[in-house]
Structures are given as structure tokens and as C-alpha cells.
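A structural walkthrough
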Protein chains: 2
Amino acid sequence: MFSAMQKHAIRNGLLIPEEEAVMPITVREVQQNFSVYEALRLVDGHVVHLDDHIRRLEASASMIGLRLPSAPWQDWIDLLCKGDGLDEATLRILVYGTAEPVAFITWQPLLSYPDEYYEKGIAVTLYNGERFLPTCKTSNLLLSCLALNDAHAKGAFEALLVDRSGLVTEGTRSNFYLIDGKRLYTAPDEMVLSGVTRISVLRAARVLGYEVVMEAVPASRLGEGHSMFISSTSMAAMPIGRLEGREVPCDIEAVLAFTRLVRRWERE
Amino acid sequence: MFSAMQKHAIRNGLLIPEEEAVMPITVREVQQNFSVYEALRLVDGHVVHLDDHIRRLEASASMIGLRLPSAPWQDWIDLLCKGDGLDEATLRILVYGTAEPVAFITWQPLLSYPDEYYEKGIAVTLYNGERFLPTCKTSNLLLSCLALNDAHAKGAFEALLVDRSGLVTEGTRSNFYLIDGKRLYTAPDEMVLSGVTRISVLRAARVLGYEVVMEAVPASRLGEGHSMFISSTSMAAMPIGRLEGREVPCDIEAVLAFTRLVRRWERE
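Predicted model only: the values in this text are computed from it and were never measured.

1. Description of the sheet that holds strand 5 (residues 46–47) of chain A
All names here are of chain A. Across the sheet, six strands lie side by side as 2-1-7-6-4-5; this open sheet has antiparallel pairing. Each edge of the open sheet is held by one strand with a lone partner, namely strand 2 (14–17) and strand 5. With seven bridges joining them, strand 6 (residues 89–96) and strand 7 (residues 102–108) adopt antiparallel strand pairing. Counted as the bridge partner of L94 is F104 from strand 7. Against the sheet, helix 2 (residues 50–64) engages strand 4 (35–43), strand 5 and strand 6, with an angle of about 175° to strand 4.

2. Details of the nonpolar core
Membership of the largest hydrophobic core comes to 42 residues, with the highest contact counts inside it found for F176(B), L184(B), L222(B), F229(B), I230(B) and F258(B). If you look at the next biggest cluster of nonpolar residues, it comprises 31 residues, including L50(B), A61(B), W76(B) and A89(B).

3. A word on the interface of chain A and chain B
At the junction of the two partners, chain A supplies 31 residues and chain B supplies 31 residues. Carbon and sulfur atoms supply 63% of the area that chain A and chain B bury against each other, a total of about 2900 Å² over both sides. The largest per-residue losses of area from chain A upon contact with chain B belong to I25(A), Q31(A) and L142(A), which jointly make up 23% of the total buried on that side. In this assembly, chain A and chain B are joined by zero salt bridges.

4. Observations regarding the relation of the copies chain A and chain B
Superposition record for chain A on chain B: RMSD 0.0 Å, screw rotation 180°, translation along axis 0.0 Å. Expressed as a symmetry operation, the mapping of one chain copy onto the other fits a two-fold axis. A shared binding surface is used by both copies, with 100% of the interface residues of chain A retained as interface residues in chain B.

5. A short note on the packing of helix 6 (residues 196–207) of chain A against helix 7 (residues 252–265) of chain A
All names here are of chain A. Between helix 6 and helix 7, the shortest axis-to-axis distance is 9 Å and the interhelical angle comes to 120°. One way to sum up the angle between helix 6 and helix 7 is to call them oblique. Once helix 6 is placed against helix 7, the crossing between them reads as right-handed. Residues T197, S200, V201, R203, A204, A205 and V207 of helix 6 form the contact with helix 7, whose participating residues are F258, L261, V262 and W265.

6. Here's the deal with the pattern of salt bridges
With the rule as written, the count across this model stands at 34 salt bridges over all chains. Close ionic contact of R28(A) with E29(A) constitutes a salt bridge, the shortest N to O distance being 3.8 Å. Given a relative accessible area of 37%, R28(A) falls into the partly exposed group. Given the relative accessible area of 13%, E29(A) is considered buried. For E266(B), the salt bridge goes to R263(B), with nearest N and O atoms at 2.6 Å. Residue classification places R263(B) among the partly exposed residues on the basis of a relative accessible area of 21%.

About the criteria used
- Residues numbered from 1 in each chain as written.
- Chains lettered and ligands numbered in written order.
- Predicted model: local features only at pLDDT ≥ 70, side-chain atom pairs only at ≥ 80, totals over all residues.
- Heavy atoms only, no water.
- Pairing = 2+ DSSP bridges.
- Helix = DSSP H or I, 4+ residues; strand = E, 2+ residues; numbered from the N terminus.
- Contact = heavy atoms within 4.5 Å.
- Axes fitted to C-alpha atoms, helices over the stretch in contact; angles between N-to-C directions.
- Core = buried A, V, L, I, M, F, W, Y, C linked by side-chain atoms within 4.5 Å.
- Buried < 20%, exposed > 50% of the residue type's maximum accessible area, 1.4 Å probe, protein only.
- Buried area = accessible area lost by both parts, 1.4 Å probe.
- Salt bridge = Lys/Arg side-chain N within 4 Å of Asp/Glu carboxyl O.
- Least-squares fit on C-alpha atoms with pLDDT ≥ 70 in both.
- Parallel < 35°, antiparallel > 145°, perpendicular 65-115°, else oblique.
- Left-handed = near helix turned anticlockwise from the far one by under 90°.

Put into C-alpha cells, the structure is as follows:
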């Protein structure tokens, strides 16, 4: 038997049973994915970097001309957490730009990954493609979906996107970094989604004595012996141990130094 | 008062009230728009070019690795038409590639346009962008949505997409053509959605004595005095009378010759 607990969601400020968190497929904005979203971490009853996420949600909405509801996000999240007795979770805010915008907040158990991923590094593949409006977190995710399906089919955890110039921009749900001595390379802001965790990684780089170089790395340079990692809200900094099926060297400790700072700053 | 008639939809072969045609926003494939669709014309109880639409639906699904249900589409459409007493309508097939695929058929009143659009031509704008997987009819439609919003804001009916090389590929929901003497230019198959009506337009071109040139036209060549038109299932062939706010000459009769043949062949 499954738990009889009724899971809930928020719809425009109202607590509803989760199975009622649906959208009609007859509505144009649903058919065209005219929507923006955020994934957030709730840890010890505290939403990590909520302000940064809401700022990005507002920026994404503004870029595509989607009008957000004027939402007291913290209050709505509190309502959901109280309703379902949540202390930790991965939260998702999703707003459809219908005539009257519809904002959902849903949750799932806090995403976390096996220790092995951090101790040995994860496997990544390469996928040719560029996200439409890369700085904007919209539901226009088919490229990410196909790239990730391809990675999973090859036993990898993430796909790195390679643009028309052969540059590695970002992962399907992560930002990408390469460590070359005391220089940390990552793609410039205008080429990628400005990850909330990326802000922390770049801050950590300064603390750890790296020079940050905002340049996308050519895919041809990967596997030349430099350590690589990805970051996201759920992953923090995660080392890369395999690329396109081949083992690649990675200074695991150097990467975990980033993860420790990222996670420490979540409590601030 | 609105009509009390209960509108229906088909969901995996079952006739359901239309308001139950919904998808849960908690499902990954919904969040990532892992879906394909078709829009069809029902005229005099007959679905126009159903085989062509289903062939394209299957091709789109195959390209993104989406498994279609084995659906007796004509039977499902008949069930919907009988349920709602339909003799003419614009039908929409939409399939989500969830773990168990979900196929909907919904309808709206037959899309048609004022005579004026055909007699004077419609207004179009230009929009820089390339559809992801252009030959594939998926719900990954944000570019089309933004381009069309931009066109509407400028009082235009359609936006023509211009690719990175400055070539006009297609409209947001139409194919594009330019008439140069007895040559008809349109973008090659691999650059655009292979419109079901485009098949008829190219057939009509041969009947009308045009040489078809499968080349995308540079945006810089538009407005040089050549007639232009667009085509779609709902529009047939529709002349272009304004480009980016300026009036452009168009041989209306030449375009309507295409529309007449396209509509005649719908009855075959």
C-alpha cells in the first residue's frame, strides 16, 4: 500500500490536491509552452536563495513578455509546506502566461545524488544544439529533453550542449566549468542560463583563489587533462569523471571545495 | 447565455467532456513539451488529407523518439464527430510521449478568414529565428509564439522566420512562396515543416505551369516587386499585401489560382 497522505500543490495562492494541478490542453499558451519555471531547494524549512530564483523568474517572464501574477511567493510556499508538513523538498514554480496567468508550486522529495557521483565524478556526453533564448528559463525544453534522453541511453548522467561554433555552453540542467591551473573557465552570461548556483560557484572561485575566465571552451579542448565539473541547484558542484564513454582525469578535491562552499552559503 | 451543449474531446479512444482534456503539470513530459500534434480540416464530414497528416504525425514522433499509441484515428475522429454532431471543424490531434502515451483529439469551429484577406492580401512581418527540428511538428513552439505575438502587436497576420543566413524559411504556422515570373520559389524540404497544403501547392504549381525552385529566398529580395504568398491547412494559399508595414505588389489572381486548386483537391 502507498501512503494515504494527500499531496498538495499551490495554484494561484490556493492549496489544492496535487492531482488537480493540471492545465487544459485546448489553451493556446499550453499548446505553445508559453511558461516559465524555477526549481528550488527547501532545506530545514528554508528556501535556498529564494530572492535569486524569483529575480530570475521575473527576468525570464519579462524576456518573453509573460505577465507574472503578483504573488507573495514565500507565503504561498509556506502554505504548501504547512499543508504537507514539508521540511525539505525540491520545489517547482511554474507559471503559464494564459489570459489570466496561472502559477503553480509543486514539490517532490529533495533531489539528491549518490556519494559516488561526488567521489568518482559523473559521466557526460556531448550534444550539438543551442537553447532558444539561453538566458531565459522557459518550458521550451525539447532540446534539453532529447539531449538528456541521448545521454541516458548512453549511460551518462548529463549532456553538455555544443553550439554551432563547437563551444561547450552548458548542460541540459546545469552550468559547465573547466579548471585550467588556477583559472576557472565558464561560458559568458549571454550564452547560458544564469544558474543561481553558478553565482555561488563564481563567488567560491574568488574565495578559492581562481581567476574566472568567462569564455566558453571548445569541445575539442575537453579531455586534455583539465578537471571539469557542472553545477545546479540540486547538484551543487559535481565533478565529471567520464566524457563520451572515456575516463577523464578530475581533481575531485578541487571540485568538492566548491560544493562545500555552495552548500555552506545555502544556510546564509 | 452560452449554449448548454457539452463539448467533447477524445482521449486515447474515449469520448470525454472537453474540460477533462487536461494534463498534469507535474509530469516531466508535460513540463518539457515532449509532444507532437496535427491540425486538420473537417469539411462536409470528411477529414481533409487525413493520411498525409497521420504520416507526418508519425514522422514527427519518430524524429524525437516519441512512441505513438496504435490509434484507429479515423474511428476516433468519427466518435468525436458523432458525439458532438460535427460536420465541419478544425480538429487537433495532440500526443504526449508520457510513459503511457496520451493522445487527444479536440475541435474548434472551422478556422476561416475574411474574404478581404484573399482579395487584398495579408500583412506579414519578419522575425529572426530558426525552429528547432524544422521538419518536425512538435509542441516546442515558443519561437513561433513570440514571433506571432510580435506580428500581432504590429497589426500583422503572420511572421516570416528569417534564418541566420538571412533566408526566409517559413511562417510561424505557414509555408512561404515567392513568384518570380513563371518560377515559384520555396525553401527546400529540410529547412521547413513539410506542410500538407504545401504538397498541394507544389502540385498546383505544375498544373499552373510554374517551375518550382526549392530555394529559400533572401529576406533582402522581398519587396522587389515579386508576388508572395503563404499556405497552411486553414488558409490554403493566402496572398501577402503588406511587408513590415509597407504595401507590396501582389498578383492576387495568380495566388487565388493556387487556393482554388488546393480547395478543389480537398474533396478528392
